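# Close look at the chain arrangement
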Amino acid sequence: MGLLDILLGRTKPVAPDLDRLFGLPSAAVTLEAAAGFTPTGHGSVCFASVEGAAFDDVRQEVRALLDADSERTGPPVEVSRDDYGYTWLVSRRGPDELPALVGDLHAVNSALEGSGFGPQLLCSAVGFRDGEGRRLGLVYLYKRGTFYPFAPLPEGGERRDNALELQVRAVLGNDLRVEQDLGRWFPVWGAPGLG
């Protein structure tokens, strides 16, 4: 960061640290003990698709890598597109296989970043559910290097359980680097992998 950046109030963006994803299994233990939420075994990576053979090659390599896992149970990795035009790569594991799920998400992020497509990465999300059927997603913002909770209300529609999100922030403050700017807690309505 140079003198001109300091004078103009510009800040250097936080460098993403994909290894922070590996903090999710220990955070899941804290989340279960404090709030009763357990992993669903579903997770996803969201990225802005780009046209071109190079990007298609990387996407196919990532999918083949994850589908080649001989220990994978359940459906293979799937690719879907949301209403906003973003692409989601969804991985499904058993609820007790959170470390393997996190490994999948890390592999996708690393492959895209290593191939020069880091700017297209938006977020990764891991789903949780409690005994009452409430859903919760822990979302990793790639460009900020932080996590935030996303809790859609169970009755549907596009409404959030803000009290639950703030409770989860307080619970996980020592386990994960939680995004402090609540304005960056973007809703990810209909995100695959949070079910």
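Heads up: the structure comes first, above all this text.
Residues numbered from 1 in each chain as written. Predicted model: local features only at pLDDT ≥ 70, side-chain atom pairs only at ≥ 80, totals over all residues. Heavy atoms only, no water.

## Quick look at the nonpolar core
Keep this limit in mind: Working definition of a nonpolar core: buried Ala, Val, Leu, Ile, Met, Phe, Trp, Tyr and Cys residues. They are joined through side-chain atoms within 4.5 Å. Buried residues are those whose accessible area, probed at 1.4 Å on protein chains only, stays under 20% of the maximum for their type, while exposed residues exceed 50% and partly exposed ones sit between those limits. Numbering of helices and strands starts at the N terminus; helices are DSSP runs of H or I of at least 4 residues and strands are runs of E of at least 2. Throughout, a residue-residue contact means that at least one pair of heavy atoms, one from each residue, lies within 4.5 Å.
If you look at the biggest cluster of nonpolar residues, it comprises 36 residues, and the most contacted ones within it are Leu-24, Leu-31, Leu-112, Phe-128 and Leu-138. Secondary-structure elements contributing two or more residues to this core are α2 (24-35), β1 (38-48), α3 (53-67), α4 (98-117), β4 (121-129), β5 (135-141) and α5 (162-172). Per-element tally for this core: the top contributor is α4, with seven residues. Setting aside chain neighbours within four positions, we find Leu-138 in contact with Leu-24, Leu-31, Ser-124, Ala-125, Val-126, Phe-128, Tyr-148, Pro-149, Val-168, Leu-172 and Leu-176. Judged by nonpolar contacts, the second largest core, of 14 residues, contains Val-90, Tyr-148, Val-188 and Leu-194.

## What to know about the sheet that holds strand β6 (residues 146-150)
For clarity, the threshold we go by: Following DSSP output, two strands are said to pair if at least two bridges run between them. Here the axes come from fitting lines to C-alpha atoms, over the contacting stretch only for helices, and the angles between their N-to-C directions go from 0 to 180 degrees.
Taken in spatial order, the six strands line up as β2-β3-β1-β4-β5-β6 in an open sheet, and their pairing is antiparallel. Looking at the sheet topology across the chains shown, the edges are occupied by β2 (78-81) and β6. Between one strand and the next, the sheet's axes are offset by a mean angle of 25°, whatever the strand orientation. Bridge count between β2 and strand β3 (residues 86-92): four bridges; the pairing is antiparallel. When the sheet's bridge partners are listed, Val-79 is paired in β3 with Leu-89. Packed on one face of the sheet, α4 meets β1, β3 and β4 and runs near 10° to β1.

## Quick notes on the packing of α2 against α5
Two packed helices can be described by the angle between their axes and the distance between those axes. For clarity, the threshold we go by: In what follows, roughly perpendicular refers to angles from 65 to 115 degrees, roughly parallel to angles under 35, roughly antiparallel to angles over 145, and oblique to any angle outside these ranges. When the near helix sits turned anticlockwise from the far one by under a right angle, the crossing is termed left-handed; a clockwise turn instead gives a right-handed crossing. Residues are grouped as follows: Ala, Val, Leu, Ile, Met, Phe, Trp, Tyr, Cys and Pro are nonpolar; Asp, Glu, Lys and Arg are charged; every other residue, Gly included, is polar.
Packing of α2 against α5 brings their axes to within 10 Å, and their N-to-C directions diverge by 125°. Comparing their axes, α5 and α2 come out oblique. You can see that α2 and α5 cross each other, and the crossing is right-handed. In contact with Ala-27, Thr-30, Leu-31, Ala-34 and Ala-35 of α2, α5 contributes Gln-167, Val-168, Val-171 and Leu-172. Residue composition of the contact of α2 with α5, by class: seven nonpolar, two polar and no charged.

## A closer look at the packing of α2 against α4
Across the interface, α2 lies against α4 with an axial gap of 9 Å and an inter-helix angle of 135°. By the criterion of interaxial angle, the relationship of α2 to α4 is oblique. Of the two possible hands of crossing, α2 and α4 adopt the one that is right-handed. Here α2 contributes Leu-24, Pro-25 and Ala-28 to the contact with α4, which in turn contributes Leu-98, Pro-99 and Val-102. The residue inventory of the contact of α2 with α4, partitioned by class, reads six nonpolar, no polar and no charged.

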